[in-house]
Amino acid sequence: MHHMTLAEIARGLADKKFSSEELTQVLLARIAQLDPQLNSFISLTQELALSQAKAADARRANGETGALLGAPIAHKDLFCTQGIRTSCGSKMLDNFKAPYDATVVAKLAAAGTVTLGKTNMDEFAMGSANESSYYGAVKNPWNLEHVPGGSSGGSAAAVAARLLPAATATDTGGSIRQPAAFTNLTGLKPTYGRVSRWGMIAYASSLDQGGQLARTAEDCAILLQGMAGFDPNDSTSIDEPVPDYSASLNGSLQGLRIGVPKEYFSAGLDPRIAELVHNSVKELEKLGAVIKEISLPNMQHAIPAYYVIAPAEASSNLSRFDGVRFGYRCENPENLIDLYKRSRGEGFGAEVQRRIMVGAYALSAGYYDAYYLKAQKIRRLVKNDFMAAFNEVDIILGPTTPNPAWKLGAKNSDPVAEYLEDVYTITANLAGLPGLSMPAGFVDGLPVGVQLLAPYFQEGRLLNVAHQYQLNTDWHTRTPTGF
Ligand code: GLN
């Protein structure tokens, strides 16, 4: 049962082959048995899951239908869940029970999903390895000595290990696409503003976007359908109609113009990944796509710009965690300043403190023009590069990451080495574009992803290309041994 995709589960439930309650029992038992090896969950919500499953079964018995009605999922632990711990992977919020549901959580619950739990993540979504969580590192099911990617590593490891079919995730600089690549999943980061950020704990508000991790593009379409849409509670949510994503999957790729940026194939890229990317291009050519070399000349400036803008926004967003209103508070503070200092010093981990300091520095008078303003100008140049490219092509294709998943601990002493691994993903966040990573082969037994980028609101096009690719390849069906 645990091998089924969301689409297969929907068909099985509609055909009354099993109930949502039966499936939920199976998956909860599987999580209890296997998750100790992976550490992919921070909280399990068995009681909620069983009551939601029973309710979904009752709705189906009453004649209701829907692809998500009775579908088991989990939420990254930065989506607020009413009455349930929402930790953001931090000691700061270890005792925080959200007073309301995030819009994404509420929308998916209304569609009938069953929440199995909250997944592990890098603290405040800062990281590319899922090693900075207060709850410990997550392991990659493809090799337990390697990282699963971050910051949505818990969602990725759990779905890859077949503990559940799909999970929510968020992407500020690659945190959906990079763990998808490292664990052989399909992950979609929608256009900025497509999915509501209300109740999604903020890291860098102008870059954060909720999306999903699943095994297939078909499943990403189902989940996106339940998440996307205008939300008056989020001032950056965009009031655009939500198309039928599943209906877009079967379009022909005949004549589709795919751009491959020459800057992607630089010295930093593992040549074995480059070869797999070229193979995926050939596969899409067979399906009728036309390939064109393009240029994204400002790509080299994207990492420095991102690592100024994201920490700057984080330093502002994280000022609300002050030990006064909610979250961690130090013992026996001597006065208010001591309370702030020790609550934040003890409640935040090293990477979060590093980002707050970098961000506060970049925003301070005297440095603002040199760093923050400059970074914003680079951001515009990165966006302009994409706009020019999309005049010539329909999709941009390249590697999701320069290297496969590294060993746990390998980059702990050098944060910048970890930042450099985001080189292919962060440009989409700087520009606000939608991006998808799909499985495209293996290097040393570790999965490799190919990234597709599209113009604003063209999630359907990304899903279409990935689905057609998946109908003609079987990388996405490979399962890690032991799971
Ligand atoms: N690795 C990037 C960072 O640490 C992106 C993280 C994310 O997308 N949440 O900022």
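Treat the numbers as computed from the prediction; the structure is a model and nothing was measured. (Residues numbered from 1 in each chain as written. Predicted model: local features only at pLDDT ≥ 70, side-chain atom pairs only at ≥ 80, totals over all residues. Heavy atoms only, no water.)

A. Region of interest: the overall build of the chain. Within the chain one finds 15 helices and 11 strands. Its C-alpha atoms put the chain at 65 × 55 × 45 Å along the principal axes. Expressed as a percentage of its 483 residues, the buried residues of the chain come to 61%. Per element, the accessible surface of the chain, about 17,500 Å² overall, is 52% carbon and sulfur. Charged side chains of the chain number 43 positive and 48 negative; the gap between the two group centres comes to 1 Å. (Helix = DSSP H or I, 4+ residues; strand = E, 2+ residues; numbered from the N terminus. Buried < 20%, exposed > 50% of the residue type's maximum accessible area, 1.4 Å probe, protein only. Areas by Shrake-Rupley, 256 points an atom, 1.4 Å probe, with all protein chains shown as cover. Lys, Arg positive; Asp, Glu negative; His and termini not counted. Charge placed at Lys NZ, Arg CZ, Asp CG, Glu CD.)

B. Looking closely at the packing of helix 7 (residues 217-227) against helix 15 (residues 459-472). Direction vectors running N to C along helix 7 and helix 15 enclose 150 degrees, while the axes themselves pass 8 Å from each other. As far as their axial angle goes, helix 15 and helix 7 are roughly antiparallel. Across the interface between the two elements, Ala-217, Glu-218, Cys-220, Ala-221 and Leu-224 from helix 7 touch Glu-459, Leu-463, Ala-466, His-467 and Gln-470 from helix 15. (Axes fitted to C-alpha atoms, helices over the stretch in contact; angles between N-to-C directions. Parallel < 35°, antiparallel > 145°, perpendicular 65-115°, else oblique. Contact = heavy atoms within 4.5 Å.)

C. Fine view of the nonpolar core. Membership of the largest hydrophobic core comes to 104 residues, with the highest contact counts inside it found for Phe-124, Phe-386, Ile-396, Leu-452 and Leu-463. Ignoring any residue separated from it by four or fewer positions in sequence, one finds Leu-463 in contact with Leu-188, Ala-217, Cys-220, Ala-221, Leu-224, Tyr-245, Leu-249 and Leu-436. (Core = buried A, V, L, I, M, F, W, Y, C linked by side-chain atoms within 4.5 Å.)

D. Here's a closer look at a nonpolar patch on the surface. Nonpolar side chains collect at one region of the surface, where Val-324, Leu-336, Ile-337 and Tyr-340 lie side by side and expose about 340 Å² of accessible area between them. With respect to the helices and strands, the residue Tyr-340 is situated in helix 10 (residues 336-347). On the accessibility criterion, Tyr-340 (32% relative accessible area) is partly exposed. (Patch = residues over 30% accessible without salt bridge, like charges linked within 9 Å, V, L, I, M, F, W, Y side chains within 5 Å. Salt bridge = Lys/Arg side-chain N within 4 Å of Asp/Glu carboxyl O.)

E. Expanded view of the side chain of Arg-355. By the secondary structure assignment, Arg-355 is in helix 11 (residues 350-363). Relative accessible area serves as the criterion here: at 3%, Arg-355 is assigned to the buried category. At 2.5 Å, the side chain of Arg-355 and the side chain of Tyr-203 are in polar contact. (Polar contact = N/O pair within 3.5 Å; in protein donor to acceptor, adjacent residues only side chain to side chain.)

F. Molecular detail of empty space enclosed by the protein. Enumeration over the complete set of coordinates arrives at 1 cavity of 30 Å³ or more. Size it by volume and the largest cavity reaches roughly 70 Å³. Gly-127, Ser-175, Tyr-306, Tyr-307 and Asp-422 are, among the 13 residues lining the largest cavity, the residues nearest its centre. Its residues assigned to classes, the lining of the largest cavity comprises 5 nonpolar, 6 polar and 2 charged. (1 Å grid on protein atoms, 1.4 Å probe; cavity = no way out; pocket = protein on both sides within 12 Å on 5 of 7 lines; lining within 4 Å. Points joined across faces, edges and corners; volume = space filled by probe spheres on them. Nonpolar A, V, L, I, M, F, W, Y, C, P; charged D, E, K, R; others polar.)

G. View of the packing of helix 9 (residues 302-317) against helix 11. Between helix 9 and helix 11, the least distance of the axes is 7 Å, while the angle of their chain directions is 100 degrees. Our classification of the angle between helix 9 and helix 11 gives roughly perpendicular. Across from Tyr-307, Val-308, Pro-311, Ala-312 and Ser-315 in helix 9, the residues of helix 11 making contact are Arg-355, Ile-356, Val-358, Gly-359, Ala-360, Ala-362 and Leu-363. Of the residues assigned to the contact of helix 9 with helix 11, the class counts are 9 nonpolar, 2 polar and 1 charged.

H. Expanded view of the site of the ligand. Taken together, the neighbourhood of the ligand is formed by 15 residues, with Thr-172, Gly-173, Ser-175, Tyr-203 and Tyr-306 sitting nearest. Between the ligand and Gly-174 there is a distance of 3.3 Å, counted from an oxygen atom to a backbone nitrogen or oxygen. At 2.7 Å, a side-chain N or O of Tyr-306 approaches an oxygen atom of the ligand. The protein chains hide 99% of the 300 Å² of surface that the ligand would expose on its own. (Near = heavy atom within 4 Å.)

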